[in-house]
Amino acid sequence: MSVADLPKVELHLHHEGAAPPAFIRQLAHEKKVDLSGIFTDEGGYKFTDFVNFLRTYEAATAVLQTPEDFGRLTSAVLEECAASNAIYVESFLSPEFCGGGDLGAWREYLQAVQEAARDAEARHGILLRGIVTCIRHEGPEVAKRTALCAAETAGDWIVGFGMGGDEGKGHQGDFAYSFDMAREAGLRLTTHAGEFGGPDSVWEAIRDLNVERIGHGVRAIEDKALVQELVARDITLEVCPGSNVVLGLYKNFAHHPIKRLRDAGVKVTISTDDPPFFGTTLRREYEMLAQAHGWDAADFKAINQTAARAAFCDADTRDGLLKRLEDA
Ligand code: ADE
Ligand code: ZN
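These lines cover the structure that appears in this document, whether it is placed above or below.

Cut-offs applied
Residues numbered from 1 in each chain as written. Chains lettered and ligands numbered in written order. Predicted model: local features only at pLDDT ≥ 70, side-chain atom pairs only at ≥ 80, totals over all residues. Heavy atoms only, no water. Pairing = 2+ DSSP bridges. Helix = DSSP H or I, 4+ residues; strand = E, 2+ residues; numbered from the N terminus. Axes fitted to C-alpha atoms, helices over the stretch in contact; angles between N-to-C directions. Contact = heavy atoms within 4.5 Å. Donors = N, O, S within 2.8 Å, 3.2 Å for Na, K, Ca; no water. Salt bridge = Lys/Arg side-chain N within 4 Å of Asp/Glu carboxyl O. Buried < 20%, exposed > 50% of the residue type's maximum accessible area, 1.4 Å probe, protein only. Right-handed = clockwise from strand over helix to strand, strands pointing away. Expected span 1.5 Å × (residues − 1). Polar contact = N/O pair within 3.5 Å; in protein donor to acceptor, adjacent residues only side chain to side chain. Core = buried A, V, L, I, M, F, W, Y, C linked by side-chain atoms within 4.5 Å. Parallel < 35°, antiparallel > 145°, perpendicular 65-115°, else oblique. Left-handed = near helix turned anticlockwise from the far one by under 90°. Nonpolar A, V, L, I, M, F, W, Y, C, P; charged D, E, K, R; others polar. 1 Å grid on protein atoms, 1.4 Å probe; cavity = no way out; pocket = protein on both sides within 12 Å on 5 of 7 lines; lining within 4 Å. Points joined across faces, edges and corners; volume = space filled by probe spheres on them.

**Quick word on the sheet that holds strand E6 (residues 213-216)**
Then, in step 1: Spatially, the eight strands line up as an open sheet ordered E1-E2-E3-E4-E5-E6-E7-E8, and their pairing is parallel. Strands at the two margins of the open sheet, each flanked by one partner only, are strand E1 (8-14) and strand E8 (267-270). If you compare each strand with its neighbour and ignore which way they point, the axes differ by 25° on average.
Then, in step 2: Lying on the sheet, helix H12 (residues 297-310) is in contact with E1, E6, strand E7 (236-239) and E8; it crosses E8 at an angle near 100°.

In structure tokens form, the structure reads like this:
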């Protein structure tokens, strides 16, 4: 069996960022929105660098206007995940894209997403859980509104709170109020750091937000003391190698620090971030990593067990995942 066929646990996937371009194009056609500028001639998403990527991303979300649209998006995304044999996915959902931060609207979007997820579970056995995500470049005040939506819908399905967006704007600590609100509501915490921010951004995430997982975090490799701190605190990194390569952090998979981080004892997991934007799938990430670092099925099994243990779902769900990984 190829490592690409193994069952997989994905902890870092942006719901809108996983939208197949053909799906967004179809919605644009139905809603008569002109999105031609965001696609390449080959039909992929067009962007030049990280900030421009965020702009393309947000332009694409303009056609996701109703709960029904998000239900259809969820079906399309989970079809792709299931094709990579993902058995469990945590995806980032932002109330800002789902009703503009209004709690009542957010509940309706959430219901549509959950209904589509139930259908996908029945069809493919794949499980989805949600992490409510604030958008850093929209600032701390907007994040409070997002955190309120998260706190009000926290439970078995909305299991975490996180932050994405432009790491160049502000500091992690600016969002401490929102992360505290989410924590008090029982949500588990993650934040993007150490992607475009250097090691300092990871230190801030740990010290100022007290998160237990970090989105990317790979630039921690530049600071030995930080690597030791990640190990000591048992922090899990949601690593997305293909995303980092396309956005220019590393030249290729062989230069990516995931192996060095793992060898140093850091808990690393493998995810895709915004797969159609980066021309990747979970399957491809495994193939590329196997090729670049010589990892075999036992390595990937161990990494998936790490991911299952770091998943924000309840204990019964986690035990079920561990059993499925063991039985495979
Ligand atoms: N939002 C969507 N993808 C992202 C990424 N890779 N980093 C930060 N924010 C994002
Ligand atoms: Zn991300």
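**Let's talk about the coordination of the zinc ion (ligand 2)**
Then, in step 1: Protein coordination at the zinc ion (ligand 2): the donors are His12 (NE2), His14 (NE2), His192 (NE2) and Asp273 (OD), at 2.1 to 2.2 Å from the metal.
Then, in step 2: Along the chain, the residues donating to the zinc ion (ligand 2) fall in the pattern H-x1-H-x177-H-x80-D.

**Things to note about the pattern of salt bridges**
Then, in step 1: Under the defined criterion, the tally for this structure stands at 19 salt bridges.
Then, in step 2: With its nearest N and O atoms 3.7 Å apart, the salt bridge here joins Glu152 to Arg107. Note that Glu152 is positioned in helix H5 (residues 139-153) and Arg107 in helix H4 (residues 103-124), a separation of 45 residues in sequence.
Then, in step 3: For the salt bridge of Asp263 with Lys259, the shortest nitrogen-to-oxygen distance reads 2.7 Å. Taken together, the residues span about one helical turn, with Asp263 and Lys259 both in helix H10 (residues 258-263) at a distance of four residues.
Then, in step 4: One network of salt bridges, with partners in common, ties together Glu90, Arg213 and Glu238.

**Overview of unusual backbone geometry**
Then, in step 1: In the Ramachandran plot, Lys32 falls in the positive-phi region, its phi being about 55° despite a non-glycine side chain.
Then, in step 2: Positionally, Lys32 belongs in the loop between helix H1 (21-31) and helix H2 (50-61).
Then, in step 3: The phi dihedral of Asp273 falls on the positive side, at around 70°, and the residue is not glycine.
Then, in step 4: Tracing the chain through its elements places Asp273 in the loop between E8 and helix H11 (282-293).
Then, in step 5: The exposure class assigned to Asp273 is buried, which follows from its relative accessible area of 2%.

**With respect to the pairing of strand E4 (residues 158-164)**
Looking down a regular strand, the side chains alternate between one sheet face and the other.
Then, in step 1: Counting buried positions over the seven residues of E4 gives seven, a clear majority of the element.
Then, in step 2: Following the backbone out of strand E3 (residues 127-135), through H5 and into the adjacent parallel E4, one traces a crossover that is right-handed.
Then, in step 3: Pairing of E4 with strand E5 (residues 188-193), which is carried by two bridges, proceeds in the parallel orientation. Looking across to E5, one finds that Phe161 is bridged to Leu189.
Then, in step 4: What joins E4 to E5 is helix H6 (residues 176-184), and the crossover it makes is right-handed.

**Remarks on H12**
For the α-helix, the turn length of 3.6 residues means that residues three or four positions removed from each other point alike.
Then, in step 1: The end-to-end C-alpha distance of H12 is 20 Å, a good match for the 20 Å that 14 residues give at a rise of 1.5 Å each.
Then, in step 2: Near the N-terminus of H12, the side chain that reaches the backbone nitrogen of Ala298, with its oxygen 3.1 Å away, is that of Asp296.

**Examining the nonpolar core**
Then, in step 1: Ile24, Phe161, Ile214 and Leu230 are the most contacted members of the largest nonpolar core, which has 93 residues in total.
Then, in step 2: Here the element with the most residues in this core is helix H3 (residues 67-83); it accounts for seven residues.
Then, in step 3: Each residue touching Ile214, except ones within four places of it in the same chain, is listed here: Thr190, Thr191, Ala193, Val202, Ala205, Ile206, Leu230, Ile235, Thr236, Leu237 and Glu238.

**Observations concerning the packing of H1 against H3**
Then, in step 1: Relative to each other, H1 and H3 sit at 155°, their axes nearing to 11 Å. With respect to H3, the axis of H1 lies roughly antiparallel. For H1 against H3, the interelement crossing comes out right-handed. Facing Phe23, Gln26, Leu27, Glu30 and Lys31 of H1, the residues of H3 in contact are Asp69, Arg72, Leu73 and Ala76.
Then, in step 2: The residue inventory of the contact of H1 with H3, partitioned by class, reads four nonpolar, one polar and four charged.

**A look at the environment of Asp273**
Then, in step 1: Residues Asp273 and Gly71 lie 202 residues apart in sequence; the distance between their C-alpha atoms is 20 Å.
Then, in step 2: Within polar-contact distance, the side chain of Asp273 engages the side chain of His216 at 3.2 Å.

**Remarks on empty space enclosed by the protein**
Then, in step 1: What the rule picks out here adds up to one cavity of 30 Å³ or more.
Then, in step 2: One number sums up the size of the largest cavity: a volume of about 240 Å³.
Then, in step 3: As for the largest cavity, its lining consists of 23 residues, and the residues nearest its centre are His14, Leu54, Tyr57, Gly164 and Gly165.
Then, in step 4: Looking at the lining of the largest cavity, the elements with two or more residues in it are H2, strand E2 (86-93) and E3.
Then, in step 5: A per-element tally of the lining of the largest cavity places H2 first, with five residues.

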